[in-house]
Amino acid sequence: MKNKEKKIKYFSCQEGLDRVSNSSNFSWNQQTNSSSKSTTKKHVLSGVLAFFVCFAIFAAVVFPLSSTSTDNQVIALDDGDYWINDGVRGTDFAGGTGTQDDPYLIETAEQLAYLSYLVYSGTTDSRYSQYISGVYYFTGAYFKQTANIDLSAHYWQPIGTYYNRSGSTLRHYFTGNYDGGGYTVSGIYTPEGTGNAYSYQGLFGYVCVQSSTNKAEIKNVGVINSNIQGYQNVGGIAGYAYSTTITNCYNTGDVTGSGGRVGGIAGYADYYTTITNCYNTGTVTGTSNYVGGILGYAYSDTTIITNCYNTGRVTLNSTRTGTYYVGGIAGDGSATNCFNLGEVIGTGSGTINIGGITGTGTSTNCYYGGDCTLSGYTEGLTENVQSQNWCEEVL
């Protein structure tokens, strides 16, 4: 007797999204009997496949991948060799006046380093005085990237920071609007270390709103071929984001924090930050609390992650006793319409809360299809995995 050929019906993008988001048909964490579960699997599989295809098409068209995490090799640099140093950075932008209709144009590494320098140094340049207010830099100003940028020649100083490179309080926040134009920034290297001097690492270090009418924004930019290291608040796009909109961004570089709050897109997201239509394929590693493929830590439930996915390996390797959270999308946070296909690993001392989607928090219409490893072995039993999003395959 011949085996029947199994066929999977591929739905349209909208049908797939409808099926994935229809909670009345399926709840990712619900328990079902064998017969109903088998039927449910078929429907969900078809919907999820269409969901994945839509994501893949969107990513390939808007942000074609140029790198995988295996390309992210750290180059040998002198400890004092930074892009913002004299003789390295640029002295102006490529054009523009900083308005929404006429943004400052950035087309070279030197010009991007110039922006970083202006914020880090606390510029008093009269050309930009209208955008500087206290600790807020470029509030209401607009920037537009017009070419792919390679930063591999020097260490990167993230745009906006809380501390200077000596570890002293600086508090120079980027509060503007940055549009990557669909281009990439590659070769971001930040030095490894512990303590304040190595916190707030990423393409942007500290992004902050100045007022309810001046919300910071980062959009349409990809970070590739990079190795971003730091202590706490480390992310591919932003180390720390306060009331910031992060949209249509991605990271394929490796992100490592020797402390906590580490994420593929953002390390720490504060009040009313939204992360939408973003993805990460790089490895994300932290040794303290809150590690996630998209976001490490959300300060409040006003931070929302929507329509995002992760395929990179996410690891929390705790070094001391305590309670820790690691998730494929977020170590802590609320996720909606997201999926994770990356492995999630929790090892070391203490109590590790590990989730395919979030280590702690809530998830709605999300899918997890990878492997979870707790303390060195594959975990398939919920009693040893302390999370609302148990590490078990739903298909």
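Preceding this paragraph is the structure being described.
Reading the values: the criteria
Residues numbered from 1 in each chain as written. Predicted model: local features only at pLDDT ≥ 70, side-chain atom pairs only at ≥ 80, totals over all residues. Heavy atoms only, no water. Buried < 20%, exposed > 50% of the residue type's maximum accessible area, 1.4 Å probe, protein only. Helix = DSSP H or I, 4+ residues; strand = E, 2+ residues; numbered from the N terminus. Pairing = 2+ DSSP bridges. Core = buried A, V, L, I, M, F, W, Y, C linked by side-chain atoms within 4.5 Å. Contact = heavy atoms within 4.5 Å. Phe/Tyr/Trp six-rings, centres within 6.5 Å; stacked < 30°, edge-to-face > 60°. Lys NZ or Arg CZ within 6 Å of the ring centre and 35° of its normal. Expected span 1.5 Å × (residues − 1). Patch = residues over 30% accessible without salt bridge, like charges linked within 9 Å, V, L, I, M, F, W, Y side chains within 5 Å. Areas by Shrake-Rupley, 256 points an atom, 1.4 Å probe, with all protein chains shown as cover. Salt bridge = Lys/Arg side-chain N within 4 Å of Asp/Glu carboxyl O.

## Remarks on the pairing of strand β27 (residues 323-327)
Now for step 1: By the criterion of burial, β27 is predominantly enclosed, with four of the five residues buried.
Now for step 2: Examined bridge by bridge, strand β22 (residues 291-292) and β27 share two bridges and lie parallel to one another. What sits directly across from valine 291, in β27, is valine 326.

## Brief notes about the nonpolar core
Now for step 1: Judged by nonpolar contacts, the single largest core of 68 residues is most densely connected at Leu112, Leu115, Phe138 and Phe143.
Now for step 2: Per element, the largest residue contribution to this core is seven residues, and it comes from helix α3 (residues 109-121).
Now for step 3: With sequence-adjacent residues up to four places away left out, phenylalanine 138 is seen in contact with Tyr104, Leu115, Leu118, Val119, Tyr128, Tyr131, Ile132, Phe143, Phe174, Thr175 and Gly176.
Now for step 4: Core analysis: the second largest hydrophobic core is formed by ten residues, Tyr173, Tyr200, Tyr206 and Tyr290 among them.

## A look at the packing of aromatic side chains
Each aromatic ring pair is described using two quantities: the centre-to-centre distance and the angle formed by the ring planes.
Now for step 1: Scanning all chains against the criterion turns up 35 aromatic pairs.
Now for step 2: Arranged with centres 6.4 Å apart and planes meeting at 65°, the rings of tyrosine 114 and tyrosine 128 form a pair that is edge-to-face. A residue pair is termed long-range when its members are at least 10 positions apart, and tyrosine 114 in helix α3 and tyrosine 128 in the loop between α3 and β2 (132-133) qualify at 14 residues. Across the pair, tyrosine 128 and tyrosine 114 agree in class, each one buried.
Now for step 3: Here the aromatic rings of tyrosine 163 and tyrosine 200 are separated by 6.0 Å at their centres, their planes lie at 50°, and the arrangement is tilted. Residue tyrosine 163 is found in strand β6 (residues 161-163), and its partner tyrosine 200 is found in the loop between β8 (177-186) and β9 (204-208); the two are separated by 37 residues along the sequence. Judged on exposure class, the residue tyrosine 163 and its partner tyrosine 200 are both buried.
Now for step 4: Note that arginine 89 overlies the ring of tyrosine 117, its terminal NZ or CZ placed 3.5 Å from the centroid.

## Describing the sheet that holds strand β12 (residues 234-235)
Now for step 1: Read across the open sheet, the five strands follow the order β12-β17-β22-β27-β31; overall the sheet is parallel. Two strands close off the open sheet at either side, each with one partner strand: β12 and β31 (351-355).
Now for step 2: Pairing between β12 and strand β17 (residues 262-263): two bridges, direction parallel. In the strand pairing of β17, valine 234 is matched with valine 262.

## Details of α3
Now for step 1: With 13 residues, α3 should cover 18 Å at 1.5 Å per step; its first-to-last C-alpha distance of 18 Å lies within 8% of that length.
Now for step 2: Most of α3 is tucked away: ten of the 13 residues are buried.
Now for step 3: Glycine 122 occupies a position one or two residues after α3 and carries a positive phi of about 70°.

## What to know about unusual backbone geometry
Now for step 1: Positive phi values are uncommon outside glycine, yet tyrosine 200 reaches one of about 60°.
Now for step 2: The backbone phi angle of tyrosine 272 is positive, close to 55°, even though this residue is not glycine.
Now for step 3: Looking at the secondary structure, you find tyrosine 272 in the loop between β18 (266-269) and β19 (274-276).

## Quick look at the side chain of threonine 123
Now for step 1: Among the secondary structure elements, threonine 123 is positioned in the loop between α3 and β2.
Now for step 2: With sequence-adjacent residues up to four places away left out, threonine 123 is seen in contact with Leu118, Ile132 and Tyr137.

## Comments concerning a nonpolar patch on the surface
Now for step 1: Judged by side-chain polarity, Tyr271, Tyr272 and Tyr299 come together as a nonpolar surface patch covering roughly 330 Å² of accessible area.
Now for step 2: Following the sequence through the fold, tyrosine 299 ends up in the loop between β23 (295-298) and β24 (304-306).

## Here we look at the environment of glycine 193
Now for step 1: If you trace the backbone, glycine 193 turns up in the loop between β8 and β9.
Now for step 2: Along the sequence, glycine 193 and glycine 257 sit 64 residues apart, while their C-alpha atoms lie 8.8 Å from each other.
Now for step 3: Those residues in contact with glycine 193, other than ones at most four positions away along the chain, are Tyr198, Gly230, Tyr231 and Ser258.

## Describing the pattern of salt bridges
Now for step 1: One pass over the full model with this rule turns up three salt bridges.
Now for step 2: Residues aspartate 86 and arginine 89 are paired through a salt bridge, measuring 2.8 Å at the closest nitrogen-oxygen approach.
Now for step 3: The exposure class assigned to aspartate 86 is exposed, which follows from its relative accessible area of 65%.
Now for step 4: Judged by its relative accessible area of 18%, arginine 89 falls in the buried class.
Now for step 5: Put simply, aspartate 125 and arginine 127 hold a salt bridge, and the shortest N to O gap is 2.9 Å.
Now for step 6: By relative accessible area, aspartate 125 is classed as partly exposed at 23%.

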